[in-house]
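Each chain is listed here by its residues.
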Amino acid sequence: MNESIPVVRVTEYGTAKLMPDVDRERAWLLTVDGAPQSYVDLDEPTYLEFEYARRLGYVLDAVAEAGAALDVLHLGGGALTLPRYVAATRTGSRQDVVDADRGLLDLVTEHLPLAAGAGIALHAADARSWLEKAPGDSADVIIGDVFGGSRIPAHLTSLGYAREAERVLRGDGVYLANLADSAPFAFLRSQLATFGAVFEELAVIAEPGVLRGRRFGNAVLIASHRPVDAGALARRTAADAFPARVEHGAALRQFVAGARPVGDADAVPSPEPPGGAFGIG
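Fair warning: this is a prediction, and the values are worked out from it, not measured in the lab. (Residues numbered from 1 in each chain as written. Predicted model: local features only at pLDDT ≥ 70, side-chain atom pairs only at ≥ 80, totals over all residues. Heavy atoms only, no water.)

Here we look at the overall build of the chain
- On a plain count of helices and strands, the chain comes out with nine helices and twelve strands.
- The C-alpha radius of gyration of the chain comes to 18 Å, within 12% of the 19 Å expected for a compact globule of 281 residues.
- With respect to the principal axes defined by its C-alpha atoms, the chain has extents near 55 × 40 × 40 Å.
- With the model as given, the accessible surface of the chain reaches about 12,400 Å², and the carbon-plus-sulfur share is 50%.
- The averaged location of the 37 negative side-chain charges in the chain is 5 Å from the averaged location of its 26 positive side-chain charges. (Helix = DSSP H or I, 4+ residues; strand = E, 2+ residues; numbered from the N terminus. Rg over C-alpha atoms; globule rule 2.2 N^0.38 Å. Areas by Shrake-Rupley, 256 points an atom, 1.4 Å probe, with all protein chains shown as cover. Lys, Arg positive; Asp, Glu negative; His and termini not counted. Charge placed at Lys NZ, Arg CZ, Asp CG, Glu CD.)

So, in structure tokens, the structure goes:
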């Protein structure tokens, strides 16, 4: 393809657009209905442009010995940024990517092809339905990054969903999710309460300004049955170009206090971002 020309395609769930980055020769930004979804550098798959993706990458680096292969389930595909990252940093990993938008998967693989032998299998399916059929104890990491437009669908926010994720993870596995909210954090607190009812250990990574309620933004949820190395994560996130904090333990329990787990009947999508929160140009 001519790498100077954006590619636009209407898919099952919106209008997807791939735009070349003028500053990096084979790097592309994916937007859906104008909202940035993913950024990929085909020549440097370990380069993570978006802050939330870097924070997920920091956790992925910490969940096992450096370079060790992992079985990773990605719920939500985008431009396959994190699957490419894992394939580059943990050779031999087996990865499944589940995305309901078949047209988006086709667009991405057509114009931003995966490296040969990447070990990444793509599945056009609803994330919850696919998870419910997945074998138990089959994943080391599950990453939830599913957005319908700019909101996480309700059926991926409930206690039933969290229990399915826990079932599919191995005993020392880790669940990660990209969430978004703002003060008074009704959604974020409910998600922490929901996953805290299933997993023994929780942590959150977010920018201080978001945690202080100054603006709408992303928060990375970490849930597992084993403690995360919060100190190591804190050092890496603090050294980022956009520093973030790692909240866990007593401080996080205080933040969640009073929030209740969400049942399927009560589940709602994540909040609508305010105008301009994530859009571009």
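Quick word on the pairing of strand β10 (residues 201-206)
- In terms of burial, β10 is largely enclosed, as five of its six residues are buried.
- Here six bridges tie β10 to strand β11 (residues 217-224), and the two strands are oriented antiparallel to one another. Of the residues in β11, the one forming a bridge with Ala 206 is Ala 219.
- Two elements, β10 and strand β12 (residues 245-248), share four bridges in a ladder whose sense is antiparallel. Looking at the pairing, Ala 203 lines up with His 248 of β12. (Buried < 20%, exposed > 50% of the residue type's maximum accessible area, 1.4 Å probe, protein only. Pairing = 2+ DSSP bridges.)

Digging into the pattern of salt bridges
- With the rule as written, the count across this model stands at 16 salt bridges.
- Note that Asp 240 and Arg 54 form a salt bridge whose closest N and O atoms lie 2.7 Å from each other. Taken together, the residues Asp 240 in the loop between α8 (230-238) and β12 and Arg 54 in helix α1 (residues 51-62) connect sequence positions 186 residues apart.
- Looking at Asp 240, the relative accessible area reads 8%, which means it is buried.
- For Glu 132, the salt bridge goes to Arg 128, with nearest N and O atoms at 2.8 Å. Note that Glu 132 and Arg 128 are positioned in helix α4 (residues 127-133) at a spacing of four residues, about one turn of the helix.
- In this structure, a network of salt bridges that share partners links the residues Asp 71, Arg 94, Asp 140 and Arg 170. (Salt bridge = Lys/Arg side-chain N within 4 Å of Asp/Glu carboxyl O.)

Here we look at the nonpolar core
- Leu 75, Leu 131, Ile 142, Tyr 175, Leu 192, Phe 195 and Leu 221 are the most contacted members of the largest nonpolar core, which totals 38 residues.
- Counting residues in each nonpolar core, the second largest holds 30 residues, with Tyr 52, Tyr 85, Val 174 and Ala 230 among its members. (Core = buried A, V, L, I, M, F, W, Y, C linked by side-chain atoms within 4.5 Å.)

Observations concerning helix α5 (residues 159-168)
- All of the buried residues in α5 are Leu 159, Gly 160, Tyr 161, Ala 162, Ala 165 and Val 168.
- The inward-facing, buried residues of α5 abut β5 (71-75), α4, β8 (139-144), β9 (169-181) and α6 (186-196). (Contact = heavy atoms within 4.5 Å.)

Observations regarding the pairing of β9
- Taking burial as the measure, the 13 residues of β9 include ten buried ones, the bulk of the element.
- In terms of handedness, the path from β8 via α5 over to β9 forms a crossover that is right-handed.
- Looking at chain direction, β9 and β11 are connected through eight bridges and run antiparallel. Residue pairing in the sheet places Val 174 in a bridge with Ser 224 of β11. (Right-handed = clockwise from strand over helix to strand, strands pointing away.)

Some points on helix α3 (residues 102-111)
- Among the residues making up α3, those that are buried are Gly 103, Leu 104, Leu 105, Leu 107, Val 108 and His 111.
- Packed against the buried residues of α3 are β1 (7-11), β2 (14-20), β3 (27-32), α2 (81-89), β6 (94-99) and β7 (120-124).
- Capping the start of α3 is the job of one residue whose side-chain oxygen sits 3.2 Å from the backbone nitrogen of Gly 103: Asp 101. (Polar contact = N/O pair within 3.5 Å; in protein donor to acceptor, adjacent residues only side chain to side chain.)

A short note on the sheet that holds β1
- Taken together, four strands build an open sheet; the order of strands is β1-β2-β3-β4 and the sheet is antiparallel. With partners counted over all chains shown, the strands left at the sheet margins are β1 and β4 (35-41), one partner each. Recorded for the sheet is a direction-independent mean angle of 20 degrees between the axes of neighbouring strands.
- By the bridge criterion, five bridges tie β1 to β2 in an arrangement that is antiparallel. Across the sheet, Val 8 pairs through a bridge with Lys 17, a residue of β2. (Axes fitted to C-alpha atoms, helices over the stretch in contact; angles between N-to-C directions.)

Focus on unusual backbone geometry
- That bond from Ala 183 to Pro 184 is cis: its omega, 10 degrees, falls within 30 degrees of zero.
- With a phi close to 65 degrees, Phe 185 is a non-glycine residue in the positive phi region.
- With respect to the helices, strands and loops of the structure, Phe 185 is situated in the loop between β9 and α6.

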